[in-house]
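# Observations on the model geometry
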Amino acid sequence: MRRHLLLLLVVAPMAALLPAQAGTFTTSGVGCPAPAPPQLSVTNLPTLGGTTTITVNGLPLDAVLPIAWIGGATTSASLSGIGATGCFQMIGNIIKSINVNTSTGGGTAALALPVSSAFVGATFYVQAAALSPSSNSFGLTVSDRGSLTIGSGVTPSVLPYGGAVVDGVSGITPVITISRTSGEVPCVVQATAAASSATWTDPTTGVAGPLPNPYDQIHYTWDFGDGAATEVLMHPVSGMTVDADRHQTGPQATFIYRRPGTYTARLTASIKDQFGVVTQATTGVIITVSDFGGQTRYFDPVNGSDLNDGLSSATPMQSWAAYSGWVTGGDHRRALLKRGTTLVQTGGFSNDCSHTRVEPYGAGAPPTIQASAGFTGAMVAATSAQFFEDQLYSGVRFLGMGYAERVVLVVGQASPAAWDLVFMHCTFQNSQPNGLNLVTMTGDHLSRLTFWDCEFDHGDAGGHALYSFMNGVTQPAEYLSVVGGSITGGGNSAGYDHHIYSSGWRNYDLFRWVDFGPSVSKNFCINMNCAANGQDTDFMLIDGCDVTGCTNGIDASNGQNNPALGQFNHFIIQNTAVHHCGAMQGYGLMGYAVNRYVVRDSFFYANPRSDLRISDPGVNYQVYRSTFWRSEGGLSTSGVRLRSGQSGYFVDNIFENASNPGHSQRVIDIGSTEASNYTFAGNQYWSPYLYSSGQVRPFKDRDSSQHLTMGQWLALFPGDGPYADPGFVNPASGVF
């Protein structure tokens, strides 16, 4: 006999993202009837995005209509008063139900869990019950109480396919272009697959040639060959832990080698056709990492002395003058700062030396460098008065205290160049009255910069958290990587200040796994600009970022709305959430001067205005496997606004506009006379409150200013649809 078990679910909300943790399941209390009441167990511990199987064991043989309560609170309410002697209801706040298949004596429930990182650490409770005439006069049996806490989980070793679906590919040639193939620990390498290619036969014309856009059409996975699992970060969208050695996907990647050795970094390129047939190839490059070969000095601001030689932790030096003089006094120098101490910065720090290392030693909290009351300027100034390379600052808290104007200033002169500047596991913090940009990068001949798992706390200071303006005329600025970490606070102009303002980088920008948070008053989380000097910008990847906290999400333009002055040719956003943009404007993605704009496997929700609003008439959209949900009333904008002259490919997305009646509930605006410029296929649409003349009309024809029904839309795009409720759980919180 088969029965259905009903589960009711409520999850307690979490205010903030918690550290990586495992899911747990425990039981408490005793069910009824004695001596053998039903008992609960699980076969999979609860993790974000996973499925937990709840098992009810020991139901009486006469049990019928079994259910299970799941709630967000505990209680202990006796049910003896209704005749269920010895039974207790042990959970409360029951709000949702799901059906579960059962069999004689028990049952199981496959419970799908949310993917939003907001639910890491959330606890919910379960208790089963069934009608059982033999159990007591009321005829009720109940189980013990189960407690389930959602863990972050770990990204699986086999990553989902992230490329486009393309027919006609017969071969792939993956190519790794890398910033360097040797260095000293810690050694940062920045890699791109931009030179990869594929042979392809156009299914429409039968003409053979190169695949037109391998940078975004091919699925790329990276394995840097370390295997030590030392570079484990948190994915701010999924809440899962990710290992940078093997969990980076897409055409850009950055990695840190912390141990000497010879490594093989591998790139696997795959492409899948409509039948699921995969064409794949792998290549590799050898990377040689040696131990640090320079001199080392130890510094302890509390118990050190400048009379010491600083050659060991037993004889550390002490003062700011000793520290800054040592680090900036020559090449191949390493300074080790004692953990749990604060070094007060009383003077400038201008470093144009190569092979610099500043790192912590000992146990405890990260060491702090703190600006003094009389200090002005930048706390760390890396300026290329002479050629320098390979400066690395690791595990240090830089506190501007409102005295420093900037925490970091990097200037690349027209000549010579500056390469391989790295900040890893650092904190940059500043505030008013003097605080401006936390980090400023400017000039020419400046390339290969990395911010790895850094915290940008802008406080109430004005300006940008991370600002760059590269001229890039005589020497293109290449390889800017921001991987992991968080950016919060700052800004005193909602029109001009941004979390990240990146202008003039020519190639290979990467923003991966960055957790953006609330600002005082900022425009965009990421504002990407061409240099507007006639040079195009190529190969930009935003991956796995949680984009929120500013008036708008992401912008890509050249500041002049003129593609002739420079444009973005390949711009990818993947595995990213853009949500809760501010009420002043509230756009998800904006821009101008973008040639090819790829959005895939991403989430857009609770943005007051359009999620996609690119004004450039020449843009080509590639949007697939993404989710768009909005519910803001009073703003007459569609979720996706397509302009005259644009083109695109929209496949396998979900679009829901859940705005209240009387407000804009359109899903897409398009000009019907330009329908041939687009492919819409396999998308799902839903606008539950939209009725016009008795019909649902979720689309707007820009040419006729008429709203279109689903039938009229399908006349334009026969392969699209369906129009159906996607059944989102709590989309306003990112739980789909």
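This report concerns the structure included in the present document.

Cut-offs applied
- Residues numbered from 1 in each chain as written.
- Predicted model: local features only at pLDDT ≥ 70, side-chain atom pairs only at ≥ 80, totals over all residues.
- Heavy atoms only, no water.
- Helix = DSSP H or I, 4+ residues; strand = E, 2+ residues; numbered from the N terminus.
- Buried < 20%, exposed > 50% of the residue type's maximum accessible area, 1.4 Å probe, protein only.
- Contact = heavy atoms within 4.5 Å.
- Areas by Shrake-Rupley, 256 points an atom, 1.4 Å probe, with all protein chains shown as cover.
- Pairing = 2+ DSSP bridges.
- Disulfide = S-S within 2.5 Å.
- Salt bridge = Lys/Arg side-chain N within 4 Å of Asp/Glu carboxyl O.
- 1 Å grid on protein atoms, 1.4 Å probe; cavity = no way out; pocket = protein on both sides within 12 Å on 5 of 7 lines; lining within 4 Å.
- Points joined across faces, edges and corners; volume = space filled by probe spheres on them.
- Nonpolar A, V, L, I, M, F, W, Y, C, P; charged D, E, K, R; others polar.
- Core = buried A, V, L, I, M, F, W, Y, C linked by side-chain atoms within 4.5 Å.

Looking only at helices and strands, the protein features 3 helices and 62 strands. Looking at the protein as a whole, 59% of its 736 residues qualify as buried. Sequence separation of 24 or more characterises 78% of the internal contacts of the protein that already satisfy a separation of 6 or more. Carbon and sulfur atoms make up 52% of the accessible area of the protein, which amounts to about 26,300 Å² in all.

Now for the pairing of strand β41 (residues 505-512). Of all the 8 residues making up β41, 8 are buried; the element is thus mostly covered by neighbouring parts of the structure. Of the strand pairs in this sheet, strand β38 (residues 477-483) and β41 are connected by 6 bridges, and their pairing is parallel. Residue pairing for β41: Ser481 is matched across the bridge by Leu510. The pairing of β41 with strand β44 (residues 538-543) spans 5 bridges and is classified as parallel. Residue pairing across strands places Phe511 opposite Ile542, the latter belonging to β44.

A few words now on unusual backbone geometry. Note that the residue after Ala34, namely Pro35, is joined by a cis bond; omega there is 5 degrees. With respect to the element layout, Pro35 can be found in the loop between β2 (24-28) and β3 (39-42). For the bond running from Gly721 to Pro722, omega is 15 degrees, close enough to zero to count as cis. Within the secondary structure, Pro722 is located in the segment after α3 (710-716). For His332, which is not glycine, the phi torsion reads 60 degrees and is therefore positive. Tracing the sequence through the fold places His332 in the loop between α2 (320-327) and β24 (333-338). Exposure remark for His332: the relative accessible area of 26% places this residue in the partly exposed category. Even without a glycine there, the phi angle at Asp601 is positive, about 55 degrees.

Most of strand β34 (residues 439-443) is tucked away: 4 of the 5 residues are buried. Where strand β31 (residues 406-412) lies against β34, 5 bridges are found, and the strand directions are parallel. Its bridge partner being in β34, Gly412 is matched across the sheet by Gly443. Where β34 and strand β37 (residues 466-470) come together, 5 bridges link them in parallel fashion. Within the sheet, the bridge partner assigned to Thr440 lies in β37 and is Tyr467.

Tallied over the full model, the rule gives 1 disulfide. Residue pairing for Cys32: its cysteine sulfur links by disulfide to Cys87, the two sulfurs lying 1.7 Å apart. Since a negative S-S torsion denotes a left-handed disulfide, the Cys32-Cys87 link at about 95 degrees is right-handed. Here Cys32, found in the loop between β2 and β3, pairs with Cys87, found in the loop between β5 (64-78) and β6 (88-94); they are 55 residues apart in sequence, far enough to count as distant. As a non-bridged cysteine, Cys426 has Cys454 as the owner of its nearest cysteine sulfur, 4.9 Å distant. Take Cys454: its relative accessible area is 2%, and that puts it in the buried class.

With that settled, consider the pattern of salt bridges. Side-chain pairs of opposite charge can arise where the charged atoms are in close proximity. Taken as a whole and judged by the stated rule, the model has 12 salt bridges. The salt bridge involving Asp543 is made with Arg512; its shortest N-O contact spans 2.7 Å. With Asp543 in strand β44 and Arg512 in strand β41, this pair connects stretches of sequence that are 31 residues apart. Note on accessibility: Asp543 and Arg512 belong to one class, buried. A salt bridge links Arg625 to Asp601; the shortest N-O distance between them is 2.7 Å. Placement of the pair is Arg625 in the loop between β53 (620-624) and β54 (627-630) and Asp601 in the loop between β50 (596-600) and β51 (603-605), with a sequence separation of 24 residues. Through salt bridges with shared partners, a single network forms among Arg180, Arg357 and Asp390.

To continue, consider empty space enclosed by the protein. Here the idea is plain: a probe the size of a water molecule rolls over the atoms and shows the empty space left. On inspection of all chains with the given rule, the structure shows 2 cavities of 30 Å³ or more. When its volume is computed, the largest cavity comes out at roughly 50 Å³. Asp611, Phe628, Trp629, Arg630, Gly639, Val640, Phe655, Glu656, Asn657, Arg666 and Val667 are the residues that line the largest cavity. Residues of the lining of the largest cavity, tallied by class, amount to 5 nonpolar, 2 polar and 4 charged.

The next subject is the nonpolar core. Tyr323, Phe428, Met441, Phe451, Phe571 and Tyr597 are the most contacted members of the largest nonpolar core, which totals 94 residues. The element best represented in this core is α2, accounting for 5 residues. With residues near it in sequence (within four places) discarded, Tyr323 still touches Phe299, Ala335, Leu337, Leu343, Phe349, Val358 and Ile369. Counting 53 residues, the second-largest nonpolar core is a separate cluster that includes Ile178, Ala281, Trp452 and Leu541.

A separate point is the environment of Ala281. Secondary-structure assignment places Ala281 in strand β22 (residues 278-290). Linking Ala281 and Gly171, residues 110 residues apart in sequence, is a C-alpha distance of 8.1 Å. What Ala281 contacts, discounting residues up to four positions off in sequence, is Ile172, Pro174, Leu267, Thr268 and Ala269.

Note that all results are geometric; they support no functional claim without further evidence.
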